[in-house]
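Structure assessment
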Amino acid sequence: MLQVPSPGTPLIFSFSLARTTAPPAQPLLRDRPQKSSCRCCSGGAAPLASAAVRRDADEGQSQGEDVLHSVSKMPPSGPLNSKDGLDYQPHSNGKLKVVIVGGGLVGSCNAIHFAKRGDDVTVYEARPDPRKQMEVRGRSINLALSDRGLAALRNVGLEDTILKKSVPMEGRMIHSKMGVRTPLLYGTKGQCIYSVSRRFLNEALLNAAEESSNTKVFFRHKLLHGDLEEGKLTLLNMDQNQEFRVETDLIIGCDGAYSAVRRQMMKRSRFNFSQTYIEHGYLELCMPPVYKKDGTAEFAMEPNYLHIWPRDNFMLIALPNQDRSWTVTLFMSFQMFQPLHNEKALLAFFSEHFQDALELIGAERLCKDFFRVPAQPLVSVKCNPYHTKCSIIMGDAAHAMVPFYGQGMNAGLEDCLIFHELMRQHSSNLQLVLKEFSRVRQPDAEAICELALYNYIEMRYLVNSKMFRIRKFMDRILYSFVPSFWVPLYTMVTFTRTPYRECIENKQWQDRVLHRTVVTTLITASISGILSLFGFGWVRAACDVLP
Ligand code: FAD
Ligand code: EGU
């Protein structure tokens, strides 16, 4: 188990040094909002199955009871005229046949990375193509993108495309119960994080993946089970309700927190796994733009901030969208969600705790959004190792975390980057790279999972403690005086690619230094007090000017 630092991390609750009025809203929007254009027409012909698809002999038979029969179909979307005996053959030229399970953020980013190496890539995604959907239901609508995620996007040439459609956030804006807003910048050097739409990001990654001729993406194709030692998978084509098998050199599990690939790994001995559901769930709301007289949409709050309403046992977080609306997420224990089962109770709750947000969202809209979907659970998953003989898991599949550090996607995208850095470093020696990825990455990913979980606990219990506030205050002073020497934990996590474990080690070092300083100061003060009794007034005077 990893040692979690104490006391904690977020600077968000240290109000001491911050200005108490918001600076004038200076929209830093990179791009004017646009009508979302139809992307579904770009694709053309349906993608063909990759050569990695294996066909068993009895293709024409009707689906029998025997599993082996029912799984021995070609994927119906595959090439109809493919020759018999298309059976899997390894590439002799160093190219890999790669199957990626999951076409979410990490899966599609991985696809581009492997395609750029020249590998043969097939992505199987259980959901329908988001580019052809009206509205994609599911997890959070927008996400905070920071350095680690950006580094991975840069590596596949997508950084600018994404940044253009993002809203920078230079700091947090803290909303008190009384409606007072306090900005707290992320850094002095204009450091910022970016609010991006999950959907836009996923679509851009999928488009880039499909651009390369050696990549095929199949939607509504779901992994059922497989043999991760032999590289054999059984999938379901959900449109035709048909099972089929594929064989491949490498399986990448990017299928999220409830990963099917990981479930296969769990069948093996000596695979460690644990998952924790926290008491809190989350629910997403929308704060619409304010329309000016000339019809243009404006943000209802200062745009370039991550807005936070921290309360004792629950909180509200708002991230800006391109269309000048806000996605507002309520984090609260399921127990506290329970009594909010009618509009009256809901409005009473909001007007007591989030009056300013209630006014900006509007009572009617709040009620509509709130009762549309129930609160969603939050899970933290860790496991070890991440690989088998010919498979690896990345992203949430390997390390789902609670969102209280804004690092889930960033860490997942960084996984892609690290894997490919290792491929380069070890001249594509796959066996070595798989082992190294687990060895190098697992402890760091576990560290950020623990940190996020710890931050969740800390926010609930430490916010009001005096010691905690003093610590935050000192952190900020030290950072403003010696920024290269005293880097706060969130800064290292968010604005550098320092391995997560090192971020925590640095924090533990800081804790020791501060602890010593406090102890030394106390001792000095008491000695000076004693001495002054004996008339050594000058010693006391000297001690008074110490920190
Ligand atoms: P997913 O995005 O879950 O994608 C997995 C894909 O695999 C899905 O498309 C799924 O359909 C598919 N799949 C699943 N099973 C199968 C199967 N059997 N066969 C085929 N396909 C399958 N992270 C940040 O960095 N910043 C944030 O601000 C942030 N905010 C968050 C807020 C909330 C409320 C939550 C819940 C998370 C937040 N995260 C944030 C975390 C982030 O959402 C995840 O870390 C990220 O989506 C992980 O990407 P992934 O590709 O690994 O998994
Ligand atoms: C939670 C939900 C502010 C998006 C942690 C900060 C988050 C995000 C913070 C969500 C917080 C909390 C940090 C970033 C980020 C802060 C961070 C949390 C994005 C310590 C869409 N967190 N999040 N810390 O410092 O490092 O701003 O849903 F409220 S971005 Cl909980 Cl930097």
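Residues numbered from 1 in each chain as written. Chains lettered and ligands numbered in written order. Predicted model: local features only at pLDDT ≥ 70, side-chain atom pairs only at ≥ 80, totals over all residues. Heavy atoms only, no water.

- Identification of the protein chain as Kynurenine 3-monooxygenase from Cyprideis torosa is taken from an unreviewed UniProt entry.
- The record in UniProt for the protein chain states the following under Pathway (unreviewed entry): "Cofactor biosynthesis; NAD(+) biosynthesis; quinolinate from L-kynurenine: step 1/3." (UniProt positions renumbered as here; feature names shortened; annotations may be inferred.)

1. Remarks on helix α5 (residues 198-211)
- Taking 1.5 Å as the rise per residue, α5 with 14 residues should run 20 Å; its terminal C-alpha atoms sit 20 Å apart, in good agreement.
- In terms of burial, α5 is a largely internal element, 10 of the 14 residues being buried.
- The N-capping residue of α5, defined by a side-chain oxygen 3.2 Å from the backbone nitrogen of Arg 199, is Ser 197. (Helix = DSSP H or I, 4+ residues; strand = E, 2+ residues; numbered from the N terminus. Expected span 1.5 Å × (residues − 1). Buried < 20%, exposed > 50% of the residue type's maximum accessible area, 1.4 Å probe, protein only. Polar contact = N/O pair within 3.5 Å; in protein donor to acceptor, adjacent residues only side chain to side chain.)

2. Examining the pairing of strand β7 (residues 193-197)
- Counted residue by residue, β7 has 4 buried out of 5 residues, so it is predominantly covered.
- The pairing of strand β3 (residues 142-145) with β7 spans 4 bridges and is classified as antiparallel. Note on β7: the bridge partner recorded for Leu 145 is Tyr 194.
- Bridge analysis of strand β4 (residues 167-169) against β7 gives 3 bridges, and the strand direction is antiparallel. Of the residues in β7, the one forming a bridge with Pro 168 is Tyr 194. (Pairing = 2+ DSSP bridges.)

3. So, helix α12 (residues 408-425)
- With 18 residues, α12 should cover 26 Å at 1.5 Å per step; its first-to-last C-alpha distance of 26 Å lies within 8% of that length.
- With 14 of 18 residues buried, α12 is to be regarded as a mostly interior element.
- Backbone geometry just after α12 places Ser 427 at a positive phi near 45°.

4. Brief notes about the site of ligand 2
- Within the structure, ligand 2 sits among 20 residues, and Arg 172, Tyr 186, Ile 317, Pro 403 and Phe 404 are positioned closest to it.
- Here an oxygen atom of ligand 2 sits 3.0 Å away from a polar atom, N or O, in the side chain of Arg 172.
- Between ligand 2 and Tyr 186, the relevant distance is 2.6 Å, taken from an oxygen atom to a side-chain nitrogen or oxygen of the residue.
- Across the complex, the protein chains shield 96% of the 610 Å² of accessible surface that ligand 2 would expose by itself. (Near = heavy atom within 4 Å. Areas by Shrake-Rupley, 256 points an atom, 1.4 Å probe, with all protein chains shown as cover.)

5. A short note on unusual backbone geometry
- Here the residue pair Asn 384 and Pro 385 is connected by a cis peptide bond, since its omega of -5° sits within 30 degrees of zero.
- For Pro 385, the location among the structural elements is in the loop between β19 (376-384) and β20 (387-388).
- Even without a glycine there, the phi angle at Arg 270 is positive, about 60°.
- Relative to the assigned elements, Arg 270 resides in the loop between α6 (260-265) and β13 (272-287).
- With a phi close to 70°, Arg 324 is a non-glycine residue in the positive phi region.
- If you trace the backbone, Arg 324 turns up in the loop between β17 (315-320) and β18 (326-333).
- Under the relative-accessibility criterion, Arg 324 is labelled buried at 3%.

6. Considering the nonpolar core
- Counting residues in hydrophobic clusters, the biggest one holds 72 residues, and the most contacted among them are Leu 145, Ile 162, Leu 233, Leu 250, Ile 252 and Phe 419.
- The dominant element in this core, judged by the number of residues it contributes, is α12, at 8 residues.
- In contact with Phe 419, other than residues within four places in its own chain, are Phe 114, Leu 250, Ile 392, Met 394, Leu 430, Val 433, Leu 434 and Phe 437. (Core = buried A, V, L, I, M, F, W, Y, C linked by side-chain atoms within 4.5 Å. Contact = heavy atoms within 4.5 Å.)

7. A look at the environment of Thr 161
- In this structure, Thr 161 sits in helix α4 (residues 159-164).
- Judged by its relative accessible area of 35%, Thr 161 falls in the partly exposed class.

8. Quick word on the pattern of salt bridges
- Inspection of the entire model under this criterion finds 19 salt bridges.
- One salt bridge connects Glu 302 with Arg 181, and the closest N-O pair in it is separated by 2.8 Å. Of this pair, Glu 302 sits in the loop between β15 (297-298) and β16 (305-310) while Arg 181 sits in strand β6 (residues 181-185); the two residues are 121 residues apart in sequence, bridging distant segments of the chain.
- We note a salt bridge from Glu 414 to Arg 441, for which the minimum N-O separation is 3.0 Å. Placement of the pair is Glu 414 in helix α12 and Arg 441 in helix α13 (residues 430-461), with a sequence separation of 27 residues. (Salt bridge = Lys/Arg side-chain N within 4 Å of Asp/Glu carboxyl O.)

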